[in-house]
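# Secondary and tertiary structure notes
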Amino acid sequence: MILIADCGSTKIDWCVLDNKKLVKQVFTQGMNAVMLTEEEIRFRLANELVPELIEIANDIHQIYFYGAGCISPEVCGNVANAIKTNFLTAVTVEVYSDLLAAARALCGHEAGIACIMGTGSNSCLYDGIGIASNVSPLGFILGDEGSGAVLGKLFLGDILKKQMPQHICVDFLNEYGLDLLSIIRRVYKEPQANRFLASVTPYLSKNINVPEIHALVLNAFRAFFHRNIRQYAEYQKHPVNFIGSIAYYFKDVLAEAAEAEGCILGKVLKSPMEGLLKFHSN
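Below: a short report on this structure. (Residues numbered from 1 in each chain as written. Predicted model: local features only at pLDDT ≥ 70, side-chain atom pairs only at ≥ 80, totals over all residues. Heavy atoms only, no water.)

A few words on a nonpolar patch on the surface. Taken together, Leu 160, Leu 180, Leu 181, Ile 184 and Tyr 188 make up a surface patch of nonpolar side chains, about 530 Å² in accessible area. Tallying contributions element by element places helix H7 (residues 180-188) first for the nonpolar patch, with four residues. Tracing the sequence through the fold places Leu 180 in helix H7. (Patch = residues over 30% accessible without salt bridge, like charges linked within 9 Å, V, L, I, M, F, W, Y side chains within 5 Å. Areas by Shrake-Rupley, 256 points an atom, 1.4 Å probe, with all protein chains shown as cover. Salt bridge = Lys/Arg side-chain N within 4 Å of Asp/Glu carboxyl O. Helix = DSSP H or I, 4+ residues; strand = E, 2+ residues; numbered from the N terminus.)

Structure follows, in structure tokens:
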């Protein structure tokens, strides 16, 4: 059996394949591996995952873990060791970044451009085996163009500086129960400001036909293509593929931005797991 993990900061999606068929799916608490010690990861797996797979754990011989924060050999090693301790019969344990998960899910064994656009954003040129080139995303303060966090940052700035229509300013603040001080506190004083900023994107989706909101989202997406995708050699020859909730729910505006920046929009998926199951089945 093969165990595949798609690990994000909010949740981990675990799927078990047996003879290319999905036999079990489990969701556990998400994590960013760079923020946890090997012991903490091992403890979480032992308490949240192993009890769910107790009947088949000894039959799992290959494990492929794709996760947020898996960006260095040290971090990947910590995750791999934590997994091996909990699955003693596993012969193969491999740990990769969430960006490679996106590339494999979107492109399979073919070369292409793969992107993540959710709370954060990232991109890479994929050669069919691994990541050939990556423009650093830099996070939502310096980069992450087009991400949920950046869309929220831009929108809240426009709300507080009254750059949005008055009825939008009033409606949004009332719907979310926010004011100037509460927004400042959530952004500058409390942890996980990026999640808070991204949490306002459903309002943008619901009101995307408001010209000012449409322009904000379109320009943020154009910045993603301009500052990231256009740095890859021969970017115009490869479709630009996306995984993530922002790309999925704003697909029409994303297509506008791609065309405006001379790019070809490819696949847009909400989650990488379906593509990962296909990749590892083959």
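Scanning the model with the defined rule gives zero disulfides in all. Free of any disulfide, Cys 76 has its nearest cysteine sulfur in Cys 70, 4.8 Å distant. According to the relative accessible area criterion, Cys 76 is buried, its value standing at 15%. With no disulfide of its own, Cys 115 lies 7.4 Å from the sulfur of Cys 124, the closest cysteine sulfur. (Disulfide = S-S within 2.5 Å. Buried < 20%, exposed > 50% of the residue type's maximum accessible area, 1.4 Å probe, protein only.)

Time to look at the packing of aromatic side chains. Taken as a whole and assessed by the stated rule, the structure comprises 12 aromatic pairs. Seen in terms of ring centroids, Phe 224 and Phe 225 are 5.9 Å apart; in terms of plane orientation they differ by 85 degrees. Their pairing is edge-to-face. Ring geometry for Phe 224 and Phe 242: centres 5.7 Å apart, planes at 50 degrees, overall tilted. Of this pair, Phe 224 sits in helix H10 (residues 211-227) while Phe 242 sits in strand S9 (residues 239-243); the two residues are 18 residues apart in sequence, bridging distant segments of the chain. Taken together, the aromatic side chains of Phe 155, Phe 172, Tyr 176 and Tyr 203 make up a single cluster linked through ring pairs. For Arg 104, the ring lying beneath its charged end belongs to Tyr 96, and the centroid distance is 4.7 Å. (Phe/Tyr/Trp six-rings, centres within 6.5 Å; stacked < 30°, edge-to-face > 60°. Lys NZ or Arg CZ within 6 Å of the ring centre and 35° of its normal.)

Below, the discussion takes up the sheet that holds S9. What the five strands build is an open sheet, ordered S8-S7-S6-S9-S10; its pairing is mixed. Pairing within the sheet leaves two strands with one partner each, and these edge strands are strand S8 (131-133) and strand S10 (264-269). The average angle at which neighbouring strand axes cross in this sheet is 35 degrees, direction not considered. Pairing geometry for strand S7 (residues 121-126) and S8, over two bridges, is antiparallel. Looking at the pairing, Tyr 126 lines up with Ile 131 of S8. Against the sheet, helix H3 (residues 98-107) touches strand S6 (112-117), S7, S8, S9 and S10, its axis set at about 125 degrees to S6. Helix H12 (residues 251-260) rests against S6, S9 and S10 of the sheet, and its axis sits at about 155 degrees to S10. (Pairing = 2+ DSSP bridges. Axes fitted to C-alpha atoms, helices over the stretch in contact; angles between N-to-C directions. Contact = heavy atoms within 4.5 Å.)

A separate point is the packing of helix H5 (residues 148-160) against helix H6 (residues 166-176). Two elements in contact, H5 and H6, have axes separated by 9 Å at closest approach and are oriented at 115 degrees. Pair H5 / H6 crosses with left-handed handedness. In this structure, H5 contributes Phe 155, Leu 156 and Ile 159 to the contact, and H6 contributes Ile 168, Cys 169, Phe 172 and Leu 173. Its residues placed into classes, the contact of H5 with H6 shows seven nonpolar, no polar and no charged. (Left-handed = near helix turned anticlockwise from the far one by under 90°. Nonpolar A, V, L, I, M, F, W, Y, C, P; charged D, E, K, R; others polar.)

Of note, Lys 20 is a non-glycine position whose phi angle comes to about 70 degrees, a positive value. With respect to the element layout, Lys 20 can be found in the loop between strand S2 (11-18) and strand S3 (21-29).

Another point: the environment of Arg 185. By the secondary structure assignment, Arg 185 is in helix H7. Placed 69 residues apart in sequence, Arg 185 and Leu 254 show a C-alpha to C-alpha distance of 31 Å.

Turning our attention to the environment of Leu 45. Relative to the helices and strands, Leu 45 resides in helix H1 (residues 38-49). Each C-alpha atom of the pair Leu 45 and Ala 233 lies 41 Å from the other, and the pair is 188 residues apart in sequence. Apart from the residues lying within four places of it in its own chain, the contact partners of Leu 45 are Trp 14, Val 50, Pro 51, Ala 82, Ile 83 and Asn 86.

A side chain of one charge can pair with a side chain of the opposite charge if their charged atoms are brought near each other. Evaluation of the coordinates by the stated rule reveals eight salt bridges. Here Glu 38 ties to Arg 42 by a salt bridge, and the two come within 3.4 Å at their closest N and O atoms. On the criterion of helical spacing, the pair formed by Glu 38 and Arg 42 is a turn pair, its members being four residues apart in helix H1. Between Glu 261 and Arg 222 there is a salt bridge whose closest N-O contact spans 2.7 Å. Here Glu 261 is found in the loop between H12 and S10, whereas its partner Arg 222 is found in helix H10, with 39 residues between them in sequence. For Glu 261, a relative accessible area of 8% gives the class buried. Residue classification places Arg 222 among the partly exposed positions, given a relative accessible area of 31%. Sharing partners across several salt bridges, the network here consists of Arg 185, Arg 186 and Glu 190.

Any functional reading would require information that these geometric values do not contain.
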